[in-house]
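Here is what each chain is made of, one letter per residue.
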Amino acid sequence: MTRYRMLIGGESVDAQGDRRLEATNPYTREVFATIPDASSADVRAAVAAARTAFETTWCKVSGAERARLMHRLADLIEERADELGRLESTDNGKILRETSGQARFAARNYRFFAGYADKLYGRTIPLDTPASLDYTLREPVGVAALITAWNSPMQLLANKLAPALAAGNTVVIKPSEHASATTLELANLIAAAGFPPGVVNIVSGGVEAGTALVTDAQLGRISFTGSVPTGQAIAAAAARTLVPVTLELGGKSPNIVFPDADLHRAVTGALIGIFSAGGQTCIAGSRLLVHGAIYDEVVSTIAARAKAIRLGDPLAPATQMGPVANQPQYRRIRELVAAGKESGATMVAGDEALGAELARGLFVRPTVFAGVSNTAGLAREEIFGPVLSIIRFEDDDEAVALANDSEFGLASAIWTNDLARAHRVARRLVAGTVWVNTYRASAAQAPFGGVRRSGYGRERGREALDEYLRTKNVMIDLSGSTSDPFAALEER
């Protein structure tokens, strides 16, 4: 059994009092590791180490050198991508080909933002007074707290850590207590890459650690990915210290299939949108909006495809969907599915028996409900599991109205071969991301984030740098003289 330690000020340390939490494999339900459960004092030490490193060391490191270190970190992640993928799959149940792929995508993120590290330009601003020079400086915010969720720890962390480091900040990272292994493993790679002590600090643990971190007034930025209630609590805490916050929260994303779409591609996209990662992703296409002319065909095809998805060991190449990541989430999904059965919707997939080989794991069958009302709980609440609600619409206006009738606004998709329709509908959808004839696609260059209860701020893309920089204005009088409004009248 692996016994992980935290990284504070360049040192590998245990939590105060050696407090520990168990890490459980959701496929076997066996404990495979323990992680430190940091105290408030541990978190304060991590923030202090980050502050010291920022003020004494990291502020003197050039953008070119930051880029070199980030490229080296990317090299190390790529070299160990399969190993890191196995560890993450063991920790949260996602299939290996996705977790190893996310490790490589994380490396791509570090490389992308490394390219910006020596290009954080200000600008010269012409003023109304000719005898003046005005320019701006783009400066790091200082210490950034980076808090990630359990569904994709490596990728979520890269979305935050890469721009934070490129911008010249030091960081304190806190992964979810439900999936901390790959983040704690990153400590070894940070050291091997050559980052100065204290630039990257990693603490793990539960509520005490999280509360201590988000209430620390020394922070320059908090970036959080996770649930809406936790995001609201963090925003409230940060309001008291006036620390700016980036929130990447949940979604109830509409995936819209128009009658002229390529149905084979659209059905495949619908399956990818909700059943990849077992639906445990903030961008899950959990609401499938289908035009009435093709509704019955799409429902029957998706139901048949969902029933054929192979569940099993996330490390096995043949497995198409692994278990739910942890016991609290498994319980929540089961409760919401049971409520869905009572809502009047028709379950067309999901009642199939699991079989003895899956009995020990936290498995939920791919579940599909048809005839769902957009006002029902199935269509309103983020389930964060492999549960799809199919909703009928009859024209473009109704599709847009249904899509936007949600408290969330993270992702969305349009399936159509009509180019004009694609652009018209994309403009009208209230969402941070609109995919056209694809789903769950991402790129280091493409900004990502939400509106409404899905949060605010952006990750990835050039826009992510803005979260970790602040602008300083410098104004210089070149005239050589100063008018004195307090001089005696006769001296004027």
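Predicted model only: the values in this text are computed from it and were never measured. (Residues numbered from 1 in each chain as written. Predicted model: local features only at pLDDT ≥ 70, side-chain atom pairs only at ≥ 80, totals over all residues. Heavy atoms only, no water.)

Caption draft 1: Spotlight on the pattern of salt bridges. Counted under the stated rule, the structure contains 30 salt bridges. Across the pair Arg-5 and Asp-14 runs a salt bridge whose closest N-O atoms are separated by 3.4 Å. Classification of Asp-14 as partly exposed rests on a relative accessible area of 24%. Asp-405 serves as the salt-bridge partner of Arg-380, at 3.5 Å between the closest nitrogen and oxygen. With Arg-380 in helix α12 (residues 377-380) and Asp-405 in the loop between α13 (396-404) and β17 (413-415), this residue pair connects regions lying 25 residues apart in the sequence. Taken together, the shared-partner salt bridges connect Arg-3, Arg-5, Asp-14, Asp-18 and Arg-20 into one network. (Salt bridge = Lys/Arg side-chain N within 4 Å of Asp/Glu carboxyl O. Buried < 20%, exposed > 50% of the residue type's maximum accessible area, 1.4 Å probe, protein only. Helix = DSSP H or I, 4+ residues; strand = E, 2+ residues; numbered from the N terminus.)

Caption draft 2: Broad picture of the sheet that holds strand β4 (residues 20-24). Taken in spatial order, the 3 strands make up an open sheet running β1-β5-β4, and their pairing is mixed. In the strand order of this sheet, the two ends are held by β1 (2-3) and β4, each with one partner. Where β4 meets strand β5 (residues 31-36), 5 bridges bridge the pair, whose relative direction is antiparallel. Bridging across to β5, Leu-21 finds its partner in Ile-35. (Pairing = 2+ DSSP bridges.)

Caption draft 3: Spatial organisation of the packing of helix α4 (residues 96-114) against helix α5 (residues 153-166). Running from N to C, α4 and α5 point in directions that differ by 10°, and their axes come no closer than 9 Å. Between α4 and α5, the interaxial angle falls into the category roughly parallel. Together, Thr-99, Gln-102, Ala-103, Phe-105, Ala-106, Asn-109, Tyr-110 and Phe-113 of α4 and Met-154, Gln-155, Leu-157, Ala-158, Asn-159, Leu-161, Ala-162, Pro-163 and Ala-166 of α5 make up the contact between the two elements. Here the residues of the contact of α4 with α5 sort into 12 nonpolar, 5 polar and no charged. (Axes fitted to C-alpha atoms, helices over the stretch in contact; angles between N-to-C directions. Parallel < 35°, antiparallel > 145°, perpendicular 65-115°, else oblique. Contact = heavy atoms within 4.5 Å. Nonpolar A, V, L, I, M, F, W, Y, C, P; charged D, E, K, R; others polar.)

Caption draft 4: How the structure looks around helix α8 (residues 228-241). Relative to the 20 Å expected for 14 residues at 1.5 Å per residue, α8 spans 20 Å between its end C-alpha atoms, a close match to the ideal helical length. Listed in full, the buried residues belonging to α8 are Val-228, Gly-231, Ile-234, Ala-237 and Ala-238. Elements that come into contact with the buried residues of α8 comprise β7 (143-147), α7 (207-214), β10 (221-225) and β11 (245-248). (Expected span 1.5 Å × (residues − 1).)

Caption draft 5: Here's a closer look at helix α11 (residues 327-341). Taking 1.5 Å as the rise per residue, α11 with 15 residues should run 21 Å; its terminal C-alpha atoms sit 21 Å apart, in good agreement. All buried positions along α11 are accounted for by Gln-329, Tyr-330, Ile-333, Leu-336, Val-337 and Gly-340. All buried residues of α11 fall inside an arc of 135° around its axis, so they share one side. Where α11 is buried, its residues touch β14 (346-349), β15 (367-370), α12 and β16 (387-393). Measuring from the backbone nitrogen of Gln-329 back to the side-chain oxygen at the start of α11 gives 3.0 Å, which picks out Asn-326 as the cap. (Arc of directions from axis to C-beta. Polar contact = N/O pair within 3.5 Å; in protein donor to acceptor, adjacent residues only side chain to side chain.)

Caption draft 6: Here's a closer look at the side chain of His-291. Structurally, His-291 is set in strand β13 (residues 287-291). At 2.9 Å, the side chain of His-291 and the backbone oxygen of Glu-394 are in polar contact. With near-sequence residues (within four places) excluded, His-291 lies in contact with Val-257, Pro-259, Phe-393, Glu-394 and Asp-395.

Caption draft 7: Expanded view of the nonpolar core. Tyr-110, Leu-161 and Phe-195 are the most contacted members of the largest nonpolar core, which has 57 residues in total. No other element matches α5, which puts 8 residues into this core. With sequence-adjacent residues up to four places away left out, Leu-161 is seen in contact with Tyr-110, Leu-146, Val-171, Ile-173, Leu-186 and Val-200. Formed by 39 residues, the second largest nonpolar core is a distinct cluster that contains Ala-284, Tyr-295, Val-299 and Leu-388. (Core = buried A, V, L, I, M, F, W, Y, C linked by side-chain atoms within 4.5 Å.)

Caption draft 8: Fine view of the sheet that holds strand β12 (residues 254-257). Taken in spatial order, the 7 strands line up as β14-β15-β16-β13-β12-β17-β18 in an open sheet, and their pairing is mixed. Unpaired on one side and paired on the other, β14 and β18 (435-436) mark the two borders of the sheet. Of the strand pairs in this sheet, β14 and β15 are connected by 3 bridges, and their pairing is antiparallel. Directly across from Ala-349, in β15, lies its bridge partner Val-368. Taken strand by strand, α11 contacts β14, β15 and β16, and its axis lies near 25° from that of β15.

Caption draft 9: The arrangement of the packing of aromatic side chains in detail. Within the structure shown, the criterion is met by 8 aromatic pairs. Each ring, one from Phe-113 and one from Tyr-116, has its centre 6.4 Å from the other, and the planes form 40°; the classification is tilted. Taking 5.5 Å as the distance between ring centres and 70° as the angle between the ring planes, the aromatic pair formed by Phe-258 and Phe-393 counts as edge-to-face. Of the two residues, Phe-258 is situated in the loop between β12 and α9 (263-275) and Phe-393 in strand β16; the sequence distance between them amounts to 135 residues. The exposure class of Phe-393 is buried, given its relative accessible area of 0%. Members of the aromatic cluster, connected to one another through ring pairs, are Phe-112, Phe-113 and Tyr-116. The residue whose ring lies beneath Arg-360 is Tyr-27, and the NZ or CZ to ring-centre distance is 4.9 Å. Positioned above the aromatic ring of Tyr-295, the side-chain terminus of Arg-392 is 4.2 Å from the ring centre. (Phe/Tyr/Trp six-rings, centres within 6.5 Å; stacked < 30°, edge-to-face > 60°. Lys NZ or Arg CZ within 6 Å of the ring centre and 35° of its normal.)

Caption draft 10: Representation of the side chain of Glu-248 in the model. Turning to its location among the elements, Glu-248 is positioned in strand β11. Buried charge without a partner: Glu-248 forms no salt bridge, and the closest opposite charge is Lys-160, 6.1 Å away. The residues touching Glu-248, leaving out its near neighbours within four places in the chain, are Leu-156, Phe-224, Thr-225, Gly-226, Cys-282, Leu-410, Phe-448, Ser-454 and Glu-459. (Lys, Arg positive; Asp, Glu negative; His and termini not counted.)

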